[in-house]
Amino acid sequence: MNMESPLIEELKGSALWLDWRWQMANRIAEDGQADFPTLVTPYYASLIETQDPSDPIYRMVVRQARESDDETASPDPLREEASSPVPGLIRRYADRAVVLAASSCAAHCRYCDRKRYTSHGGVLTDMDLKRIVKYLNANREIRDVIVSGGDPLTLPDERLEAILSALHGAGSVEILRIGTRVPVTMPMRVTEELCSILKRYHPLYINTHFNHPRELTREAGAACGMLADAGVQLGNQSVLLRGVNDDAGTLEDLFRGLLRIRVRPYYLFQCEPVPGTAHLRVPLRRGLDIMDALRRRVGGMALPSYVLDTEDRGGKIPLTSETVRIANGEVLLKMNDGRIVSYPAGQHGAK
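Residues numbered from 1 in each chain as written. Predicted model: local features only at pLDDT ≥ 70, side-chain atom pairs only at ≥ 80, totals over all residues. Heavy atoms only, no water.

Caption draft 1: View of helix α7 (residues 157-167). Restricting attention to buried positions, one finds in α7 the residues Asp-157, Leu-160, Ile-163, Leu-164 and Leu-167. Viewed along the axis of α7, the buried residues span an arc of 135°, placing them on a single side of the element. Considering only its buried residues, α7 is in contact with β4 (96-102), α6 (126-138), β5 (144-149), β6 (175-179) and α9 (192-198). Two residues or fewer after α7 comes Gly-169, characterised by a positive phi angle close to 85°. (Buried < 20%, exposed > 50% of the residue type's maximum accessible area, 1.4 Å probe, protein only. Helix = DSSP H or I, 4+ residues; strand = E, 2+ residues; numbered from the N terminus. Arc of directions from axis to C-beta. Contact = heavy atoms within 4.5 Å.)

This is the structure we're talking about:
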């Protein structure tokens with residue numbers, strides 16, 4: 001796949017290039033017949049330096065032939081569909097819920113744990129939104145709503161505000177969070193108009209998703225700065241990925257760089273065993289060793305929690321020497337409620 005298009009070089013910095021709608025409309029696509037085709041904005045494609053899987057940006061967004069050989073994992077590893085009481089809402093915890101506001105993304109990340117959703121389109125309808133608000137009004141123990149997808153910041157301003165307005169203050173909701181990779185893959189989406197909308201719905205938090213220091217461009221830093229200046233608290237959720245960031249030096253550079261642009265490293269996720277990710281999953285033992293090395297190299301502000309998100313209501317398990325034991329082809333996890341649960345070593349790259 002050739003992403004070194006002369007058009008990209010010609011348009012960089014132009015009015016078109018800086019228009020996020022143009023970026024969405026001109027996403028580079030390939031493998032259209034695949035279940036989860038390559039899809040990437042011209043901006044993010046311009047960060048690729050080497051047109052092969054040795055390049056970390058390329059590796060994260062360009063479909064590899066080997067993905068079709070990895071069909072043993074679950075398309076819904078967190079059993080979200082079983083935790084959806086009404087269309088468009090996922091509830092895995094008593095006090096929190098996720099609203100799937102959009103199915104589109106600026107780029108298709110190869111390790112996405114919602115491929116089943118983002119690859120098939122669909123929208124959150126007005127009727128869906130009314131049902132969600134009705135559910136929140138009836139279940140007043142929910143205090144925190146995460147607006148996710150897909151990527152909600154790919155929605156037009158008017159639609160995003162309609163969703164935020166409906167959710168803000170519904171039931172006992174006190175906090176809104178937005179999950180987005182837009183500051184990474186399409187930072188020009190962060191505009192003054194968007195920030196003026198977000199200001200109306202505080203307390204509002206955004207968790208974004210930088211995985212590699214090369215993503216910390218001048219444009220990405222400016223986007224995060226605008227959000228921070230609008231009073232938005234910014235956190236980052238990275239995924240540990242083989243051949244992308246699975247060494248302490250790369251992650252140190254990433255986490256220190258995030259703090260410089262006012263983004264707090266929040267979580268480092270073990271890659272979920274969704275189909276097509278076997279070549280990206282890092283052995284869990286290596287992940288533990290990397291975290292041990294990072295603790296010796298960075299302070300607490302730059303050190304996220306290394307976690308594995310588990311199915312149903314198991315929640316996010318901190319991965320430490322106290323909670324993980326690897327033996328005889330099994331990963332034994334100490335759950336938050338004290339139970340010991342076995343996970344297949346192969347699925348989580350735990351050998």
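From this point on, the discussion continues.
Caption draft 2: Focus on the packing of α6 against α7. As a packed pair, α6 and α7 sit with axes 10 Å apart at the nearest point and diverge in direction by 20°. Classified by the interaxial angle, the pair formed by α6 and α7 is roughly parallel. Every pair of crossing elements has a handedness; the one defined by α6 and α7 is right-handed. Note on element contacts: α7 touches α6 through Arg-159, Ala-162, Ile-163, Ala-166 and Leu-167, opposite Asp-126, Leu-129, Ile-132, Val-133 and Leu-136. Here the contact of α6 with α7 is composed, by residue class, of 8 nonpolar, no polar and 2 charged. (Axes fitted to C-alpha atoms, helices over the stretch in contact; angles between N-to-C directions. Parallel < 35°, antiparallel > 145°, perpendicular 65-115°, else oblique. Left-handed = near helix turned anticlockwise from the far one by under 90°. Nonpolar A, V, L, I, M, F, W, Y, C, P; charged D, E, K, R; others polar.)

Caption draft 3: Up close: unusual backbone geometry. Cis peptide bonds are those with omega within 30 degrees of zero, and the linkage from Gly-149 to Gly-150 qualifies with 25°. In this fold, Gly-150 is placed in the loop between β5 and α7. Residue His-202 is joined to Pro-203 through a cis peptide bond whose omega torsion reads 0°. Positive phi values are uncommon outside glycine, yet Arg-79 reaches one of about 50°. For Arg-79, the location among the structural elements is in the loop between α4 (56-61) and β3 (89-90). Phi is positive for Arg-262, close to 70°, though the residue is something other than glycine. Its location among the elements puts Arg-262 in the loop between α11 (248-260) and β9 (264-270).

Caption draft 4: Expanded view of the pairing of strand β10 (residues 305-310). Here β10 lies mainly inside the structure; 5 of its 6 residues are buried. One ladder, built from 3 bridges, connects β9 with β10; its direction is parallel. Each residue of the ladder has a partner; that of Phe-269, found in β10, is Val-307. At this point the chain moves from β9, through helix α12 (residues 284-295), to the parallel β10, and the crossover so formed is right-handed. Bridge count for β10 against strand β11 (residues 315-318) is 4 bridges, and the pairing is antiparallel. Looking at the pairing, Leu-308 lines up with Ile-317 of β11. (Pairing = 2+ DSSP bridges. Right-handed = clockwise from strand over helix to strand, strands pointing away.)

Caption draft 5: Region of the structure containing the pairing of β4. Here β4 lies mainly inside the structure; 6 of its 7 residues are buried. As paired strands, β3 and β4 are joined by 2 bridges and run antiparallel to one another. Each bridged residue has a counterpart across the sheet, and for Ile-90 the counterpart in β4 is Val-98. Linking two consecutive strands that pair antiparallel, namely β3 and β4, is a turn of 5 residues. Of the strand pairs in this sheet, β4 and β5 are connected by 6 bridges, and their pairing is parallel. In the sheet register, Val-98 faces β5, and the bridge partner there is Ile-146.

Caption draft 6: A look at the packing of aromatic side chains. Within this structure, the stated rule accounts for 3 aromatic pairs. Their ring planes at 45° and their centres at 6.3 Å tell us that Trp-17 and Trp-22 sit as a pair that is tilted. The class of Trp-17 is buried, set by a relative accessible area of 4%. Pairing Tyr-267 with Phe-269 gives two aromatic rings, centres 5.2 Å apart and planes at 55°, and the pair type is tilted. Assigned by exposure class, Tyr-267 and Phe-269 land together as buried. Note that Arg-189 overlies the ring of Trp-20, its terminal NZ or CZ placed 4.1 Å from the centroid. (Phe/Tyr/Trp six-rings, centres within 6.5 Å; stacked < 30°, edge-to-face > 60°. Lys NZ or Arg CZ within 6 Å of the ring centre and 35° of its normal.)

Caption draft 7: Structural detail: the packing of α11 against α12. Contact geometry for α11 and α12: axes closest at 9 Å, N-to-C directions at 55°. What the angle tells us is that α11 and α12 run oblique. When the axes of α11 and α12 are compared, the crossing they make is right-handed. On α12, the residues that touch Ala-248, Leu-251, Glu-252 and Phe-255 of α11 are Ile-290, Ala-293 and Leu-294. By residue class, the composition of the contact of α11 with α12 is 6 nonpolar, no polar and 1 charged.

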